[in-house]
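Here are the chains, one letter per residue:
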Amino acid sequence: MGTGVNRYLLSEMGRVGRGFTRYMDPTEDGEKVAGELADRLQSPVLTDIQIDWGGMEVSDPSPDRIPDLFAGQSLRIQGRYSRPGPHEVTVRGLVHGRPATLPLKIELPEASTEGEAVPILWARSLIADLHYQLTTGAHQAGGEAVNTDALKQRITDLGLKFALVTPWTAFVAVSEKIYNPNPAKTPTLPVPVAQVKGTTELAYGESAAPITSAAVFTGGGAPEPAALFGLALMALLLASFLVQERSRQAGL
């Protein structure tokens, strides 16, 4: 509760405990949120979840640690398969402490369509898992320590292949237009700036001393041309109004 909570610590507590984290800001009703939280914790739908992928030959499932399922929530688990076609996936877990099994029949296509969202979601989730291993020093399933360089390379490859931003990839805009065909002969000149009203050249430091004020500033410490034009237009409108008012009074 609050605006300065340790979100990393609380999120990790929820992750390790296979639960969830609920953040409440000061604008919410604390009693109502606490009641909702208590109701959800008292009604777990499925705990200790395990998935039998059958003959799909799934690789790189994500997340690597499946949390428990509570009422009002949903779980999304991604992975890569190498055998398309009809398959039967079996979800196992505990319902009120008793074993439960849920078979699911699915049909997998031959290949994902270019630009489809599902592969991107899988890559983003896998990058999060790999980055978690990298930052926390988590061990692999066999107890072996992770290879830092290999993790960085894997994250980089996923970011490049699926056009995702990672600590080692970024979006780069490339322009082939040549703006300066001969940069070697381009002279270096001071760029004039607008002088703030009510100040002198001394307010801009000693860098302006060797250069004349005409080269450093686009104008004196006076209002901008647009402001001067606006003042002149207002004066003309006021003068026109006064002339019309005097004419009306003279007619009366």
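Being a predicted model, the structure only gives us computed values, none of them experimental. (Residues numbered from 1 in each chain as written. Predicted model: local features only at pLDDT ≥ 70, side-chain atom pairs only at ≥ 80, totals over all residues. Heavy atoms only, no water.)

Some thoughts on the pattern of salt bridges
As a reminder, the rule being used: One speaks of a salt bridge when a side-chain nitrogen belonging to Lys or Arg is within 4 Å of a carboxyl oxygen belonging to Asp or Glu. Here a strand is any run of E in DSSP of at least two residues, a helix any run of H or I of at least four, and the numbering for each starts at the N terminus. Buried, partly exposed and exposed residues are distinguished by accessible area as a fraction of the type maximum, computed with a 1.4 Å probe on protein chains only: under 20%, between the cut-offs, and over 50%, respectively.
In the structure shown here, the tally under the stated rule is five salt bridges. The residue Arg154 makes a salt bridge to Asp60 at a minimum N-O spacing of 2.8 Å. With Arg154 in helix 4 (residues 148-161) and Asp60 in strand 2 (residues 59-62), this residue pair connects regions lying 94 residues apart in the sequence. Overall, Asp60 belongs to the partly exposed group, its relative accessible area being 25%.

What to know about the environment of Phe70
We apply this condition: By the convention used here, residues are in contact when the closest approach between their heavy atoms is within 4.5 Å.
For Phe70, the position within the fold is in strand 3 (residues 69-70). Considered as a pair, Phe70 and Gln42 are 28 residues apart in the sequence and their alpha carbons are 8.7 Å apart. Setting aside anything within four residues of it in sequence, one finds Phe70 in contact with Arg18, Gly19, Phe20, Arg40, Leu41, Ser43, Pro44 and Val45.

Some points on the sheet that holds strand 5 (residues 85-95)
The test is simple: Strands are labelled as partners when DSSP assigns at least two bridges between them.
If you walk across this open sheet you meet the four strands as 3-1-5-6, and the pairing is antiparallel. Two strands in the sheet have a free side with no partner beyond their single neighbour: strand 3 and strand 6 (98-108). Of the pairings in the sheet, the one linking strand 1 (residues 44-52) to strand 5 comprises four bridges and is antiparallel in character. Paired with Ile51 across the strands is Val91, a residue of strand 5.

Let's talk about the nonpolar core
In globular proteins that are soluble, nonpolar side chains generally tend to be buried together. Short version of the rule: To form a nonpolar core, buried Ala, Val, Leu, Ile, Met, Phe, Trp, Tyr and Cys residues must be joined to one another through side-chain atoms within 4.5 Å.
Trp122, Ala123, Leu126, Ile127, Leu130, Val146, Leu151, Ile155, Leu158, Phe162 and Leu164 together form the largest nonpolar core, which totals 11 residues. For this core, the secondary-structure elements that each account for two or more residues are helix 3 (117-136) and helix 4. Discounting residues that sit within four places of it in the chain, Leu164 has contacts with Ile120, Ala123, Arg124, Ile127, Gly159 and Thr169.

Brief notes about the side chain of His87
Mapping His87 onto the fold places it in strand 5. Of the residues examined, His87 reaches a relative accessible area of 11% and is grouped as buried. With residues near it in sequence (within four places) discarded, His87 still touches Gly55, Met56, Leu104, Lys105, Ile106 and Leu108.

Some thoughts on the packing of helix 3 against helix 4
Test applied: Angles shown run from 0 to 180 degrees and are taken between the N-to-C directions of axes, each axis being a line fitted to C-alpha atoms and, for helices, limited to the stretch in contact. Comment on the angle field: the value is read as roughly parallel under 35 degrees, roughly antiparallel over 145, roughly perpendicular from 65 to 115, and oblique elsewhere. Crossings are sorted by hand: turned counterclockwise from the far helix by less than a right angle, the near helix makes the crossing left-handed, and turned clockwise it makes it right-handed. Charged means Asp, Glu, Lys or Arg here, nonpolar means Ala, Val, Leu, Ile, Met, Phe, Trp, Tyr, Cys or Pro, and polar covers whatever is left, Gly included.
Relative orientation of the contacting elements helix 3 and helix 4 amounts to 160°, with a least axis distance of 10 Å. As judged from the angle between their axes, helix 3 and helix 4 are roughly antiparallel. The interaxial crossing formed by helix 3 with helix 4 has left-handed handedness. On helix 4, the residues touching Trp122, Leu126, Ile127, Leu130, His131, Gln133 and Leu134 of helix 3 are Thr148, Leu151, Lys152, Arg154, Ile155, Leu158 and Gly159. Partitioning the contact of helix 3 with helix 4 into residue classes produces eight nonpolar, four polar and two charged.

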